[in-house]
Amino acid sequence: MVSTEHYLFLAALIFCVGMFGVMVRRNALVVFMCIELMLNASNLTFLAFARQRGDSMGHVSAFFVIAVAAAEAAIGLAILIAVYRSRGTLNIQDIRTMKH
Amino acid sequence: MSFLQTHLVNLVVFAPLVFAVIIAALPPSEKQQIRVATLLGMTLTLVLALWLYLGFEPGGPEFQFEYRAPWIPSLGISFHTGVDGLAASLILLTGLLGPLAVLASWSFIEERVKEFHLALLVLQMAMVGTFASLDLILFYVFWEAMLIPMYFIIGIWGSEERVMAAVKFFLFTLVGSLLMLLAILAIYFITQPAGARSFDHAQIYNSLLSATREVSACARTGALCPNLSPLAQSLWTYGPWMFLAFALAFAVKVPMFPVHTWLPDAHVQAPAAGSIILAGVMLKMGTFGFWRYAIPLFPVAVRDLRPALAALAIIGIDYGALMCLAQRDVKRLIAYSSVSHLGFCMLGMLAITEEGAAGSAYQMLNHGISTGALFLLFGMLYERRHVRLIAEYGGIAKVMPVFSALFLIITFSSIAVPGTNGFVGEFLVLLGTFRSALPLAFGVLAALAVILSPAYMLWMVQRVFFGQLQGENHRLRDLGFREIATALPLVALAILMGVMPQPFLSRLAPSVKLFVARASLGSSGEHSKLGDLEMKVLELPAQTGIGLRREGPKPGQPAQTGGPVRLARSGAAENPSIPPPNPPELRR
Amino acid sequence: MVFSECIRHAPLLECLQKSPVDAQSMAQMAWLIIALPLAGAFICGVFGRMLGRANTNLIACAAVAGSFVFCVLAFWAVNDRATTLISPFSRDPIRYALGHDFGTWFAAGSFRVNFGLAVDHLSAVMIMVVTGVGLLIHVYSTSYMAHDEGYWRFFAYLNLFIAMMLTLVLADSLPLLFVGWEGVGLCSYLLIGFWYEDAAKAWAGRKAFIVNRIGDFGFLIGMFLLTLWVSAFQAQTDNATGQGRALEQWRAGVSEQGPLNLRGLEQVALRIAPSFAPMAGAVSLQTPIQSGPLEGNTFGQVLVAVLLLFMLGAAGKSAQLPLYIWLPDAMVGPTPVSALIHAATMVTAGVYLFCRIGSLLVLAPAAMAVIALVGAATALLAALIAFAQNDIKKVLAYSTVSQLGFMFMALGLGVYWAAIFHLVTHAFFKACLFLGAGSVMHGNADETDIRRLGGLRKEMPWTAATFLIASIAISGFILPLSGFFSKDAILHGVHSSQLAGYEWVSSAVWIGGLLTAFCTAFYIGRLYLLVFEGKRSPDAPVAHAHESDWPMIMPLAALAALSVVALIYGLPIIDVGDGRQTLIENYLSTVFNLPHQLARIHRTVSVEQEGLFGAWALAWVIALAGGGFACVLYLWYLPSRRGAPLPAPIRTLARWAANGFYLDQVYDFGIVRPIKFISFVLYKVIDSLLIDTLLVRGTAWITARVASAIRLLQTGDAQSYAAVMALAVLCAAGYAVIQVLK
């Protein structure tokens, strides 16, 4: 059997990649994809622990996360399209209207 | 007891608000209608305040015309109003200055007339409410409520640098008030056990009484006292801090040195009506706060800090007077003279003798009348020439003899010439200071004001009224009928209160006695019985109806166990199916 | 028994003793004495312009005349043998006095002041002088101010002044006396600065008021210390001594009338035991005060302090050293004002005060010594300054200061009746001199420089005659008129009295008095000779002076006559067993017997009656010498040297004297300028710079700068926000892990 630690390690890796992408990448779509990566990493963690414990609480949580991720992706992409329409760019560094 | 009897104080407080609502409905272009309506409202408030004053019995209970209704029972806040001698006198003063402020602005304010008069009315309500409230949160609400209309009055209808002055006034006063709020909350939590907490002033005071006595006995021995009750322990540790917080808030308002610098700017920039109300009433809030809240609640802290506070008061007296000698602006000079006069009020209170306290209370009234009149009269002059510098005037007595005569009489009141009201107040304050435990030097230094005040006032009078008539002043016309009618009541009162002060003093006397007895708890507490010092007020009423007066708590049981909400037997009788709420749970 | 009943069965002369109004009613009507001039002031002030000049004159004079009538009635009532006043402080009735309590003025704590008026022989003399001379001056003013536009103001202020002075004299407690005291100061301010369009004149009024206030500062503190003193006395006297019931009565009186009632203070003076014969439980002057703010000091020490503070007040009001500087400058006011206020009435308030508290004064020989020395020094200094003044009113002003010094000399040595006698005669002749000066000014286009006048005797005969009579009265030159007797009474009394512990004071003061008498004769002679004798000066403003009209001449004549007639009161014609008393000494003995008795009991003042005629002779010779010197100098020596300058040292001395020995400048540089400088420094440095700019605006500035710095955190970059959040979560997670692992 593949032990839980391996899954956790993989999930942590994916999470870090995703977090790195959120903080560094300039394109907003890529940032969204990285957010999805982070969410999926957490999903993986949940499933790993569900398998370890043997009950289905983890699966239920994973379903919640998937649903939330889907909703967030839908709204987020809609906002992104609106931003692109008004700003003409998806480069996050160029959208700084909340600057002091 | 008729409706009027029970609700008289509430009527005095809220009548201006009612008229404010009426004026809000008037169209803004009907300036004269607005003015007349405001004048009616203010006059009605004056009549009611006079009724209140005349109906106050010096021989009766401490707080009269009380009204109490539940407001926020879960926090122990009730709508509790009532007056004692000093509050009734100050409410009368407020009522008197209200119509005069409106008349002073009759021809002066021409823009946004509606908003101006709304501000005046709301301010009137807030000021009367501050004097009349017997609940700490209610007091705080009205106290803060005073700031906003005054801020607008100075900031919109003032002179060149009005915004700076308004912001300075607002922030300065607010900082002090916030500290006071902290102190109020602290005292709320400390003095009463968890189930029985209330913001009612009397309840808090009565709970503190025996603890104060313990701490006072302890402080006099000077040793560490291990056997204090828990309340006395917290009072011992936190009392001075709470007192300082209260004192700072009130000291800014008085204003005492060194937190006085907002006053000259505020006065110089404010319009005439603003100055009249500010000097006439709002400055008394500070001294009233000391009288009613800061000093009686913490007599031990007062005893320790008394020399320092008295020194600050005397610095205020002499420093304020010396400041006046260096001024070139009339309103700034009068503002600094206010600092000097109110130093007398503070000194009289800090002397903690009957003569001193009576003089201080009387001086509060005197200052309202004489400085209010000074600003009123100068406002009339400013309306004609729109300059405040002394150098711009000169020799005015030739073209404005009536104005000069009235101004001179008020000047004499301000410098305490016997026969005017200022003399009685200053005499009693100085006598009280000499009689007190403060060193004799304090009294001598305070008496220096007798020499300094004519120095600056007569110097100003000389430069403005006497000498050669020069320049623009040729065109000045003397006072009209309306202006004389506005100024005459104050001038007449200045002389009347100087020749017949006894009716006023007799209404203040019981309040004075209680103040001195409570304040001396910090130094010589053995003399008075605790039962004499307790505040006896109305109980909170049941769910329905107005509370009936009951005897106060018996001596030896300082903590109120009754609590703000009595177990509603009547409520249970009405609704037998609903179990009565469990009081401790409600309050959590 | 009243006059109307008496006249039915006894001869007129006997019945003149009985007053037409009985004492009780008179006491209750006493308020009218003050109310009439007060009403006159109000009517003239408010309605004067509407009523017109003639009506205003009439109302003002009528008000004072009415008050005078009531004063005469009061005087008459108080002379009645049957008039007694039951004082609330003792069981004994006070003879030849009446009084009434009109209610409480104000009360707080244990302090109380009532509106109480009292008349006794001393007040009766004073009120007669005040209203009598006041009436004459009102009549004079109707002509003097005939061309002035502000006549309604003038008469309003003048009436108000009379009312205030009467309040001062009739008051039966110190605070009420203080009302009159400050009131006359107020009226003095208004009247000196009457012609306010001249800034210098208005300034003189302000100077007078402020210098008076310095004195009032002393008076107030004296009153407060006295209140504490009386309370300490109340606390420490033991009822167990033989005076028990009397003390009970006194305590009852204090709670009813207040601690500063004059009769009450007399009682305290009576109850103090002599230091050398202490009684158990009684308080003597050496007893230390045991509690209260005055703890540790003895009663005697505090009493001396109180009296010295009252002396400061009197120095301000009565223009003694060091506060006399306002009086010469006050001469810029209208001349009737100078005559009334600064010669006859207001400046005598200090003398009256000390006579009223005479019982307390004799208990403190230290204070008496100081008062006498101050009086003597002032008298001499002022007389020397008067030598070199060229303004006719300034000479008279300094003369007033000098004569007041005489009165204080008498007070300081316990010869109260002589001080009052001199007060009365001084009122007559000094008012006559001032009014005469006014007449001279009126007839010479307001010229006051005496070097520009001269030879007016033929052109203004009435003025010259009355001026001459008054000058002779003040100096005693050739003819001993009233002033001679009063001044000599002072000198004789001073020489005969000795203060315990300060025996040298008596001789020092006496010698100073003799020198001053010499100087007085000289400068008055100089004044008369330069103005009225000799040839008309070539610099005269008008070619011919015209005599003034009857409203101005009549008061002059009346006052001159009074200056002569009053000498009767100084003749020692009353036999009192062990010697002879003058009329006025006998009259005032009803008031001053008590202080003299106390002085004997406490052995503070000892009197040895010496040769009276020798003293008279000496005084007459001195007056003759002074006047003779003036005559020689100004009638023969100086005219014969016309054109040649005086020797240099004399010119320097004259210049020093003319500038008042530069005392004014000393005050200006020593006090006034430093205060203005301090005030300026305090305003600019502490208030504007330190508090307002540094602390208040500084706080605001710091808040603004900190806010500016912190807002740089808001970069608007969402990713940096995310980075910060991630960092924070990492730290929190790390912390949690570490906590778990512990």
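Rules used in this analysis
Residues numbered from 1 in each chain as written. Chains lettered and ligands numbered in written order. Predicted model: local features only at pLDDT ≥ 70, side-chain atom pairs only at ≥ 80, totals over all residues. Heavy atoms only, no water. Helix = DSSP H or I, 4+ residues; strand = E, 2+ residues; numbered from the N terminus. Rg over C-alpha atoms; globule rule 2.2 N^0.38 Å. Buried < 20%, exposed > 50% of the residue type's maximum accessible area, 1.4 Å probe, protein only. Contact = heavy atoms within 4.5 Å. Lys, Arg positive; Asp, Glu negative; His and termini not counted. Charge placed at Lys NZ, Arg CZ, Asp CG, Glu CD. Areas by Shrake-Rupley, 256 points an atom, 1.4 Å probe, with all protein chains shown as cover. Buried area = accessible area lost by both parts, 1.4 Å probe. Salt bridge = Lys/Arg side-chain N within 4 Å of Asp/Glu carboxyl O. Polar contact = N/O pair within 3.5 Å; in protein donor to acceptor, adjacent residues only side chain to side chain. Nonpolar A, V, L, I, M, F, W, Y, C, P; charged D, E, K, R; others polar. Axes fitted to C-alpha atoms, helices over the stretch in contact; angles between N-to-C directions. Parallel < 35°, antiparallel > 145°, perpendicular 65-115°, else oblique. Left-handed = near helix turned anticlockwise from the far one by under 90°. Arc of directions from axis to C-beta. Phe/Tyr/Trp six-rings, centres within 6.5 Å; stacked < 30°, edge-to-face > 60°. 1 Å grid on protein atoms, 1.4 Å probe; cavity = no way out; pocket = protein on both sides within 12 Å on 5 of 7 lines; lining within 4 Å. Points joined across faces, edges and corners; volume = space filled by probe spheres on them. Core = buried A, V, L, I, M, F, W, Y, C linked by side-chain atoms within 4.5 Å. Expected span 1.5 Å × (residues − 1). Bend = angle between axes of the 7 residues up to and from the residue. Pairing = 2+ DSSP bridges.

### Some remarks on the overall build of chain A
Part 1 of the reasoning: Looking only at helices and strands, one finds 3 helices and 0 strands in chain A.
Part 2 of the reasoning: In sequence order, the secondary structure elements of chain A are arranged as α-α-α.
Part 3 of the reasoning: Here chain A has a C-alpha radius of gyration of 17 Å; the compact-globule value for 100 residues is 13 Å, and the former is much larger.
Part 4 of the reasoning: Along the first, second and third principal axes, the C-alpha set of chain A runs to 50 × 25 × 25 Å.
Part 5 of the reasoning: Out of the 100 residues in chain A, the part that is buried amounts to 25%.
Part 6 of the reasoning: Long-range contacts, defined here as pairs at least 24 residues apart, represent 56% of the contacts in chain A between residues at least 6 apart.
Part 7 of the reasoning: Separation of charge centres in chain A, based on 8 positive and 5 negative side chains, amounts to 12 Å.

### Describing the overall build of chain B
Part 1 of the reasoning: The secondary structure content of chain B amounts to 23 helices and 2 strands.
Part 2 of the reasoning: At 24 Å, chain B has a C-alpha radius of gyration in line with the 25 Å of a compact globule built from 588 residues.
Part 3 of the reasoning: Overall, chain B is about 80 × 60 × 40 Å in size when its C-alpha atoms are taken along their principal axes.
Part 4 of the reasoning: Counting over 588 residues, chain B shows a buried share of 65%.
Part 5 of the reasoning: Long-range pairs, those at least 24 residues apart, make up 79% of the contacts in chain B with a sequence separation of at least 6.
Part 6 of the reasoning: Per element, the accessible surface of chain B, about 20,000 Å² overall, is 67% carbon and sulfur.
Part 7 of the reasoning: Charge centroids of chain B, computed over 39 positive and 33 negative side chains, lie 0 Å from each other.

### Some thoughts on unusual backbone geometry
Part 1 of the reasoning: Along the chain, Val 254 of chain B connects to Pro 255 of chain B via a cis peptide bond; the corresponding omega equals -10°.
Part 2 of the reasoning: Position of Pro 255 of chain B among the secondary structure elements: in the loop between helix H8 (230-253) and helix H9 (262-269).
Part 3 of the reasoning: A positive phi angle, near 60°, is found at Asp 446 of chain C, a position not held by glycine.
Part 4 of the reasoning: Although it is not a glycine, Arg 603 of chain C sits at a positive phi angle of roughly 55°.
Part 5 of the reasoning: Here Arg 603 of chain C shows up in the loop between helix H23 (583-602) and strand S8 (605-607).
Part 6 of the reasoning: Residue Arg 603 of chain C is classed as exposed on the basis of its relative accessible area of 57%.

### Concerning the interface of chain C and chain A
Part 1 of the reasoning: Facing the 11 residues of chain C at the interface are 13 residues of chain A.
Part 2 of the reasoning: Summed over both partners, the interface of chain C with chain A comes to about 960 Å²; 54% of that surface belongs to carbon and sulfur atoms.
Part 3 of the reasoning: When the area that chain C buries against chain A is broken down by residue, the three leading residues are Gly 716, Asp 717 and Gln 719 of chain C, summing to 47%.
Part 4 of the reasoning: In this structure, the salt-bridge partner of Arg 96 of chain A is Asp 717 of chain C, at a minimum N-O distance of 3.7 Å.
Part 5 of the reasoning: Where chain C touches chain A, the interface holds 2 residue pairs in polar contact (both at pLDDT 80 or more).
Part 6 of the reasoning: Classifying every residue of the side of chain C that touches chain A by side-chain character gives 5 nonpolar, 4 polar and 2 charged.

### A short note on the packing of helix H13 (residues 354-385) of chain B against helix H14 (residues 401-414) of chain B
Residue and element names in this part refer to chain B.
Part 1 of the reasoning: Put simply, H13 and H14 touch, their axes get as near as 9 Å, and they point 155° apart. Between H13 and H14, the crossing angle belongs to the class labelled roughly antiparallel. H14 is crossed by H13, and the crossing has left-handed handedness. Where H13 abuts H14, its residues Ser 370, Ala 373, Leu 374, Leu 377, Phe 378 and Leu 381 lie against Phe 403, Leu 406, Phe 407, Ile 410, Ser 413 and Ser 414.
Part 2 of the reasoning: Here the residues of the contact of H13 with H14 are counted per class, giving 9 nonpolar, 3 polar and no charged.

### Concerning the pattern of salt bridges
Residue and element names in this part refer to chain B.
Part 1 of the reasoning: A full pass over the atoms with the stated rule returns 27 salt bridges over all chains.
Part 2 of the reasoning: The salt bridge partner of Glu 110 is Lys 31, with a shortest N-O separation of 3.5 Å. Of the two residues, Glu 110 sits in the loop between helix H3 (85-104) and helix H4 (113-132) while Lys 31 sits in helix H2 (residues 31-55), which places them 79 residues apart along the sequence.
Part 3 of the reasoning: You can call Lys 31 partly exposed: its relative accessible area is 30%.
Part 4 of the reasoning: A salt bridge links Glu 110 to Arg 35; the nearest nitrogen and oxygen atoms lie 3.6 Å apart. On the criterion of sequence distance, the pair formed by Glu 110 in the loop between H3 and H4 and Arg 35 in helix H2 is long-range, its members being 75 residues apart.

### A few points about helix H16 (residues 440-447) of chain B
Part 1 of the reasoning: Residues Phe 442, Gly 443, Ala 446 and Ala 447 of chain B constitute the buried set of H16 of chain B. Buried residues of H16 of chain B, viewed axially, fall in a sector of 130°; they line one side.
Part 2 of the reasoning: On its buried side, H16 of chain B packs onto helix H11 (299-325), helix H12 (330-351), helix H15 (421-435) and helix H17 (449-465) of chain B together with helix H8 (199-236) of chain C.

### Overview of the interface of chain C and chain B
Part 1 of the reasoning: In this complex, chain C contributes 50 residues to the contact, which on the side of chain B involves 59 residues.
Part 2 of the reasoning: Area buried by chain C at its contact with chain B is led by Tyr 196, Arg 213 and Phe 224 of chain C, which between them contribute 14% of it.
Part 3 of the reasoning: For the pair chain C and chain B, the interface holds 1 salt bridge.
Part 4 of the reasoning: Residue Glu 197 of chain C is joined to Lys 398 of chain B by a salt bridge in which the shortest nitrogen-to-oxygen separation is 3.5 Å.
Part 5 of the reasoning: Elements that contribute at least two residues to the side of chain C that touches chain B include exactly strand S3 (98-108), strand S4 (111-119), helix H7 (174-192), H8 and helix H26 (663-710) of chain C.
Part 6 of the reasoning: Looking at which element gives the most residues to the side of chain C that touches chain B, the answer is H8 of chain C, with 17 residues.
Part 7 of the reasoning: When grouped by side-chain class, the residues that make up the side of chain C that touches chain B number 36 nonpolar, 6 polar and 8 charged.

### Concerning the packing of aromatic side chains
Part 1 of the reasoning: Tallied over the full model, the rule gives 60 aromatic pairs over all chains.
Part 2 of the reasoning: Where Phe 403 of chain B meets Phe 407 of chain B, the ring centres are 5.9 Å apart and the plane angle is 45°; that geometry is what we call tilted. Taken as a pair, Phe 403 of chain B and Phe 407 of chain B lie in helix H14 at a separation of 4 residues, close to a single helical turn. Here Phe 403 of chain B and Phe 407 of chain B have matching classes, each one buried.
Part 3 of the reasoning: When the ring of Phe 467 of chain C is compared with that of Phe 532 of chain C, the centres are 5.1 Å apart and the planes differ by 50°; the resulting orientation is tilted.

### A look at the environment of Ile 109 of chain B
Residues and elements named next belong to chain B.
Part 1 of the reasoning: Relative to the assigned elements, Ile 109 resides in the loop between H3 and H4.
Part 2 of the reasoning: Along the primary structure Ile 109 and Trp 157 are separated by 48 residues, whereas in three dimensions their C-alpha atoms are 7.6 Å apart.
Part 3 of the reasoning: Not counting chain neighbours up to four residues away, the residues in contact with Ile 109 comprise Arg 35, Phe 116 and Trp 157.

### A few points about the environment of Thr 298 of chain C
Residue and element names in this part refer to chain C.
Part 1 of the reasoning: Within the element layout of this structure, Thr 298 appears in the loop between helix H10 (262-271) and helix H11 (299-317).
Part 2 of the reasoning: For the pair Thr 298 and Ala 500, spaced 202 residues apart in sequence, the C-alpha to C-alpha distance is 18 Å.
Part 3 of the reasoning: Excluding anything up to four places from it in sequence, Thr 298 contacts Leu 285, Gln 286, Thr 287, Pro 288 and Ile 289.

### Focus: the environment of Phe 64 of chain A
Part 1 of the reasoning: Among the structural elements, Phe 64 of chain A can be located in helix H3 (residues 57-87).
Part 2 of the reasoning: When the C-alpha positions of Phe 64 of chain A and Phe 32 of chain A are compared, they lie 19 Å apart, and in sequence the two are 32 residues distant.

### What about the arrangement of the chains?
Part 1 of the reasoning: Once contacts are tallied for each of the 2 pairs of chains in contact, the highest total is for chains B and C.
Part 2 of the reasoning: Note that chain A does not reach chain B: the shortest distance linking a C-alpha of one to a C-alpha of the other is 24 Å.

### Some points on empty space enclosed by the protein
All names here are of chain B.
Part 1 of the reasoning: Per the counting criterion, the structure on display carries 11 cavities of 30 Å³ or more.
Part 2 of the reasoning: Roughly 90 Å³ of internal volume is contained in the second largest cavity.
Part 3 of the reasoning: Surrounding the second largest cavity, Glu 62, Phe 63, Asp 84, Trp 291, Arg 292, Pro 296, Ser 511, Leu 514, Phe 515, Arg 518 and Met 535 form its lining.
Part 4 of the reasoning: Sorting the residues of the lining of the second largest cavity by element identifies helix H10 (272-297) and helix H19 (502-519) as the ones contributing at least two each.
Part 5 of the reasoning: Top element by residues in the lining of the second largest cavity is H19. It accounts for 4 residues.

### Overview of the nonpolar core
Part 1 of the reasoning: Counting 467 residues, the largest nonpolar core has Phe 290 of chain B together with Leu 174, Trp 229, Phe 310 and Phe 354 of chain C as the members making the most contacts within it.
Part 2 of the reasoning: What Phe 354 of chain C contacts, discounting residues up to four positions off in sequence, is Leu 307, Phe 310, Met 311, Ala 314, Leu 361, Ile 371, Phe 408, Leu 411 and Tyr 416 of chain C.
Part 3 of the reasoning: Ranked by size, the runner-up nonpolar core spans 9 residues in total, among them Ala 28, Val 30, Phe 32 and Cys 34 of chain A.

### Focus on helix H18 (residues 481-499) of chain B
All names here are of chain B.
Part 1 of the reasoning: For H18, built from 19 residues, the straight-helix expectation of 27 Å at 1.5 Å per residue is met to within 8% by its first-to-last C-alpha distance of 27 Å.
Part 2 of the reasoning: At Leu 488, H18 is deflected by roughly 30°, the largest bend along its length, and proline Pro 489 occurs up to four residues later in sequence.
Part 3 of the reasoning: Within the sequence span of H18, burial applies to Glu 483, Thr 486, Ala 487, Leu 490, Val 491, Ala 494, Met 497 and Gly 498.

### A short note on the pairing of strand S1 (residues 64-72) of chain B
Here is the key point about a regular strand: its side chains alternate between the two faces of the sheet.
All names here are of chain B.
Part 1 of the reasoning: The sheet contact formed by S1 and strand S2 (residues 77-83) spans 6 bridges and is antiparallel. The residue of S2 that forms the bridge with Arg 68 is His 80.
Part 2 of the reasoning: The antiparallel pairing of S1 with S2 creates a hairpin that spans 4 residues between the two strands, and Gly 76 there sits at a positive phi of about 80°.

By themselves these figures say nothing about function.
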